[in-house]
Amino acid sequence: MPAKLSVNLNAIAMLRNRRDLPWPSVTDLGRIALEAGASGLTVHPRPDQRHVRFSDLAPLRALIDNAAAGAEFNIEGFPEENFMRLVEEHRPEQVTLVPDDPSQATSDHGWDFRKSHNLLGNIIGRLKKLGLRVSVFADGDPDREALTIAREVGADRIELYTGPYGGCYDNLAEGERILKTLGETADIAFDLGLGVNAGHDLTVANLPPLVARIPRLAEVSIGHGLTADALQYGMTETVRRFCRACGQDV
Ligand SMILES: CC(=O)[C@@H](O)[C@H](O)COP(=O)(O)O
Ligand SMILES: NCC(=O)COP(=O)(O)O
């Protein structure tokens with residue numbers, strides 16, 4: 001089955017937040033994305049709300065509840081107590097745990113599973129009691145021992161951090177080298193019984209080699225590159241292009 005596309009709305013929210021006005025509407029663009037074939041919506045509510053605001057979550061939850069069967073809400077973030085309250089309130093189908101410090105401009109690394117063993121174990125235990133699928137952000141580092149810890153603490157999936165791969169748009173040889181390590185990391189994760197998602201700086205250009213190397217990739221979450229294309233081609237056409245780049249027949 002081709003990888004599913006979850007559209008990350010953070011970049012739309014960031015544009016909206018330039019003014020004290022309600023447009024561009026995060027909910028309306030989310031609706032267009034779902035109607036165009038996206039399988040879900042992703043938000044990363046950062047503590048300072050500089051992108052998605054906490055008040056965006058309820059209308060997005062309602063939108064997904066009224067969308068085609070199987071549409072999913074994915075909420076990403078560092079698991080501090082405020083984040084956990086948001087997740088408890090809005091019950092996403094998937095929670096993606098990232099090790100971000102609030103001062104980070106954007107996500108730029110996966111978990112150190114050895115150091116975060118106890119934190120992740122406790123948090124994932126709480127999320128499992130809510131019945132939520134949990135994905136954990138992971139570097140493209142084929143470190144079996146680290147991924148074994150991810151499995152032991154209860155993660156269902158890893159999300160491969162593809163920032164370094166996306167950054168190689170002008171250095172294809174380096175991109176191929178990174179793709180190799182992403183693929184090896186995914187192979188180990190599958191072997192351990194983990195599912196594999198991917199995200200960060202993915203584009204219509206770099207998705208096809210990624211899904212060719214990792215054919216069992218479950219989901220990609222994409223915001224920055226997709227929003228840039230939506231400005232040029234419109235959200236509907238852009239979502240279709242990204243779905244096709246995932247190998248979907250749309
Ligand atoms: C985990 C991840 O890679 C995404 O959440 C990405 O960081 C997008 O978040 P921003 O749009 O807030 O940078
Ligand atoms: N989990 C990654 C994500 O949601 C989107 O990241 P980006 O495409 O905005 O870099």
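Not measured: the values here are computed from a predicted model. (Residues numbered from 1 in each chain as written. Chains lettered and ligands numbered in written order. Predicted model: local features only at pLDDT ≥ 70, side-chain atom pairs only at ≥ 80, totals over all residues.)

Examining the UniProt feature "active site" (unreviewed entry) in the chain
- In the numbering used here, UniProt assigns the feature "active site" (unreviewed entry) to H44, E76 and H200. For the residues just named, distributed over 157 residues, the greatest C-alpha separation is only 12.3 Å, placing them together at one site.
- Topologically, H44 is positioned in the loop between β2 (40-43) and α3 (57-65).
- For H44, a count of 23 C-beta atoms within 10 Å puts it in the buried group.
- The residue H200 is located in the loop between β7 (195-199) and α9 (207-213) in this model.
- In this view, H200 contacts S107, Y161, T162, G163 and G166; residues no more than four positions away in its chain are not counted. (UniProt positions renumbered as here; feature names shortened; annotations may be inferred. Helix = DSSP H or I, 4+ residues; strand = E, 2+ residues; numbered from the N terminus. Buried ≥ 20, exposed ≤ 12 C-beta atoms within 10 Å, placed from the backbone. Contact = placed C-beta atoms within 7 Å.)

Concerning the site of ligand 2
- Near ligand 2 lie 13 residues; those nearest to it are N8, G199, S221, G223 and H224.
- Elements with a contribution of two residues or more to the shell around ligand 2: β8 (219-222) and α10 (224-233).
- Classifying every residue of the shell around ligand 2 by side-chain character gives 2 nonpolar, 8 polar and 3 charged. (Near = placed C-beta within 6 Å. Nonpolar A, V, L, I, M, F, W, Y, C, P; charged D, E, K, R; others polar.)

A word on the UniProt feature "site: Transition state stabilizer" (unreviewed entry) in the chain
- Mapped onto the present numbering, the UniProt feature "site: Transition state stabilizer" (unreviewed entry) falls on E159.
- In this fold, E159 is placed in strand β6 (residues 157-161).
- Among all residues touching E159, those that are not within four sequence positions of it are T96, S135, V136, F137, A138, N197, A198 and G199.

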